[in-house]
Amino acid sequence: MRERAGVFLLSLLVGVGSIYAAQSSGNHSSPLRVTLAQGWNLQSSARVPEQGSAISKNGFNATGWYKTAVPSTVLAALVKNKVYRHPYFGMNLHNIPGDNYPIGANFSNLHMPAGSPFREPWWYRSSFQLPRSFDGKQIWLHFGGINYRAAIWLNGRLIAGPKQVVGMWRTYDFNVTAAARPGQVNSLAVEVSAPHADDLGITWVDWNPAPPDKDMGLWRPVSVTATGPVELRHPQVATRFDLPNLDVAHLTVRAALENATGHRVRGVLKGNIGDVEFREEVELQPHETRDVTFDPSRFPQLNLRHPRLWWPWQWGPQNLYRMTLRFETGGSVSDSREVQFGVREITSKFNAQGYRQFMVNGKPILVLGAGWAPDMMLRFNPKKTEEEIQYVRNMHLNTIRLEGKIVDNNFFNLCDRYGILVLAGWCCCDHWEKWKAWKPEDYTVAADSLRDQLRRIENHPSMLDWLYGSDNPPPARVERMYLKVLAECHWPNPHQSSASAQVTTVTGSTGLKMTGPYNWVPPNYWLLDTKNGGAFGFNTETSPGAAPPPVSSLKRMLPKKDLWPIDSVWNFHAGGGQNSGSFKNLRIFTQALDARYGRASGVEDYAEKSQLMTYEGERAMFEAFRRNKPVATGVIQWMLNNAWPGVIWHLYDYYLRPAGGYFGTKKACEPLHVQYSYDDRSVVVVNSLLRSDPELEVGAAVYNIHLKKEFSKEETVSVGPNSSARVFDVPKLDGLSTTYFLRLTLKDSAGTLESSNFYWLSTKPDVLDWQDTKWYYTPTSSYADFTELKSLPDVRLDVRASTREDGARDVTRVTVRNPSSQLAFFIHLRVNKNEHGPEILPVLWQDNYFELMPGEERELTASYAADALQGATPYVAVDGWNIGRASVAARM
């Protein structure tokens, strides 16, 4: 960035007082808005000799520039323009010209190498018409996010320079009244520079390799609005109850008013929430900004009786209210804002063991969640985001964690609608946690970034918690700075200093832990471990490790020559970050797979056995935390999804293909659930609903590898709301085959099946080497033996299927019967377009990867978007561990 831009900015600000910056608040309901999404051009400054004063004037010749829309990072735009093709396939990302980083390096923690096309700033340029109705108004230019530094020019005038526009997580409002031209064409030019290694940018840590442009660009929306003399900002509604009573909600409403003129302004701030109205007279001095609060003690109408509450999705409806605020002066509306919110209160406390327990409307909730990754190039697709939120609900999870990826507003709106809680905060392992190396500018950027992001998300009822540190808590100076910002913003939810158990001198204990593991551990780990990542307390990030997807996904991400054996191309898709460590390969996972299920003979065999491994791994982890509540208060699977096609840390892959880990999680987290304990062989019923279930019939049966029943027992139990009950133990049995099976059932008083669960177990247990425990996993010294599964006879299933329309979705109903005298194991169903595919994705299956006993029949449904078929005939394909492949039409 050219240094003289900052000098010119200073003189401009002195000479033109009406051009200045302010922090963005969003939620603008004014009809006087122009969204600048289409019609942008993009080019490297290395190819543009002109200055911003010329580039931002009408008539500038942008011939040869790349066309793009905004939001878009530079690399995303170049990919769309086919400058770089298929960057997520194989090693293509590493082969982008100018990328001479070592393989596996996380670019966001390194300086740009010589020759990189992203070493120089890039220009974004747009010309747009402002309506004549803007004339005589205060005109504001809004940026939702710029990464990292920028100089902003409008109609030949510098609006702000790189000393002012700095920070990945900043938002901006600029008063551009003096530069804007209502009723005419305006031209905007923004010169953007990528963050350096010592900037507070975005990092991808060990999740995946970061893009070579470090996500530089205009990554969130740009717009122009017009107001009267006073702009209204930061509308907030906070709820408090007299817990545990929920009959009355005490609402506090806050907003900021800014007088953008050089004279006094008198007016009235009015608000309404449905039929509830409130108002306050205000007089603002020239250029004054004032916070206005409507407290329920002064405005009794804000004490809502019998409100419609917002709940997490398994506990009740996701009721949402809408509040409108408007400032009126001189007989007209100067500005108005509209905000959606939910009436709910989230609190937290320490439980008897000193662990953090979160409460929603006074009810303790066991947090069951996973860590979210947006697309690596920050390409936000509203349809795909909603599909992924639907996956979260379909797996019966209730929370998503955002570590330093405070994504687009649509994400939070969807979480509000679907009843998914959000645990958000800063990221680890980069300059955000290198406090000793912070420059004076970093303190300002960090505080302003926190303030801007809190303002963005504060009204979303889905917000559970904010972590202003990640792996580590900040030092006292930084923590006090963050706490001051939280107080200034009246942040209504809990907050902690980090995701770990580290104690600070300012706020003490977090009540959280992040003690791993992150690599493969056997299913019994979670109940046996009592010192690290086991099922106690709140584990903010943990995982049974790698998650190689089905072979159909592997073929989409890896060249044919690299599909087998596992090589460096696989490893490039296994983390790829600077701090990946042992996550850079699949060694630990593959060693366990080969020892437990038999050495993989090829990529198809490896992928199928991987689904067994991830199914039992994820199921065991979530079941352990569910059994151990209230000592266990939460667990966040690391991770939910991948930012690009990856082979580690996901519950569904980049192509939205749900597989073993997805359905193991879905099984473990079903609201009313029967499960087995790997530590003491107990059978447990878990109820996460806010209602009791009396007279439930629990059944257990043990079979050897040939399906000879060796044990069975039934017992009746009642389980209270939001609790668990141990029913009986499965005894140690003599004479079992090395691999054997346990089947559990749970029926209500009418005999309806509420839950079933099928375990493959071994008389040779997994033995953990506790003495050699590392931060990322505990080694296994001796593995369980499931190799007898290879002896299961082949089974051909009877399959019938049909499809019906259900509003905007199609539903395929599948009936599967096992006509044989053998076990049909790990049955996998897909819905394809026509007989030979491809598979319809995303898809919401009722269940998958399941078993059928001899003569048994199950009916399952799959739901997907009605436009997914695109005129094709749906076919249901069936395969599995010992299942003959088949495909049947599922016509309407």
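You'll find the structure just up there.
Keep in mind that this is a model prediction, so the values were computed, not measured.

A. Structural context of the environment of Phe411. Among the structural elements, Phe411 can be located in helix H5 (residues 409–418). Apart from residues lying up to four places away in sequence, Phe411 is in contact with Trp372, Thr385, Ile389, Ile400, Leu402 and Val422.

B. Inspection of the state of the cysteines at higher detail. Taken as a whole and judged by the stated rule, the model has 1 disulfide. Cys415 takes part in no disulfide bond, and the closest cysteine sulfur to it belongs to Cys669, at a distance of 16 Å. Cysteine Cys427 remains unbridged, with the sulfur of Cys428 as its closest cysteine sulfur at 4.8 Å.

C. Examining the packing of aromatic side chains more closely. For the structure shown, the criterion picks out 58 aromatic pairs. Between Phe294 and Phe299 the ring centres are 5.0 Å apart and the planes differ by 65 degrees, which places this aromatic pair in the edge-to-face class. Just as Phe294 is buried, Phe299 falls in that class too. Looking at Arg308, its charged tip hangs above the ring of Tyr321, at a distance of 4.2 Å from the centre. Over the face of the ring belonging to Tyr759 we find Arg619, whose NZ or CZ atom lies 3.9 Å from the ring centre.

D. Examining the side chain of Asn351 more closely. In this fold, Asn351 is placed in the loop between strand S23 (346–350) and strand S24 (356–360). Using a relative accessible area of 14% as the deciding quantity, one classes Asn351 as buried.

E. Structural context of the nonpolar core. If you look at the biggest cluster of nonpolar residues, it comprises 258 residues, and the most contacted ones within it are Phe143, Leu188 and Phe825. If one sorts the elements of this core by residue count, helix H12 (residues 603–627) sits on top with 11 residues. Beyond its immediate sequence surroundings of up to four residues, Phe825 is in contact with Leu612, Phe741, Phe758, Trp760, Leu789, Leu792, Phe850, Gly880, Trp881, Asn882 and Ile883. Counting 23 residues, the second-largest nonpolar core is a separate cluster that includes Val683, Val717, Tyr740 and Leu742.

The rules behind the values
- Residues numbered from 1 in each chain as written.
- Predicted model: local features only at pLDDT ≥ 70, side-chain atom pairs only at ≥ 80, totals over all residues.
- Heavy atoms only, no water.
- Helix = DSSP H or I, 4+ residues; strand = E, 2+ residues; numbered from the N terminus.
- Contact = heavy atoms within 4.5 Å.
- Disulfide = S-S within 2.5 Å.
- Phe/Tyr/Trp six-rings, centres within 6.5 Å; stacked < 30°, edge-to-face > 60°.
- Buried < 20%, exposed > 50% of the residue type's maximum accessible area, 1.4 Å probe, protein only.
- Lys NZ or Arg CZ within 6 Å of the ring centre and 35° of its normal.
- Core = buried A, V, L, I, M, F, W, Y, C linked by side-chain atoms within 4.5 Å.

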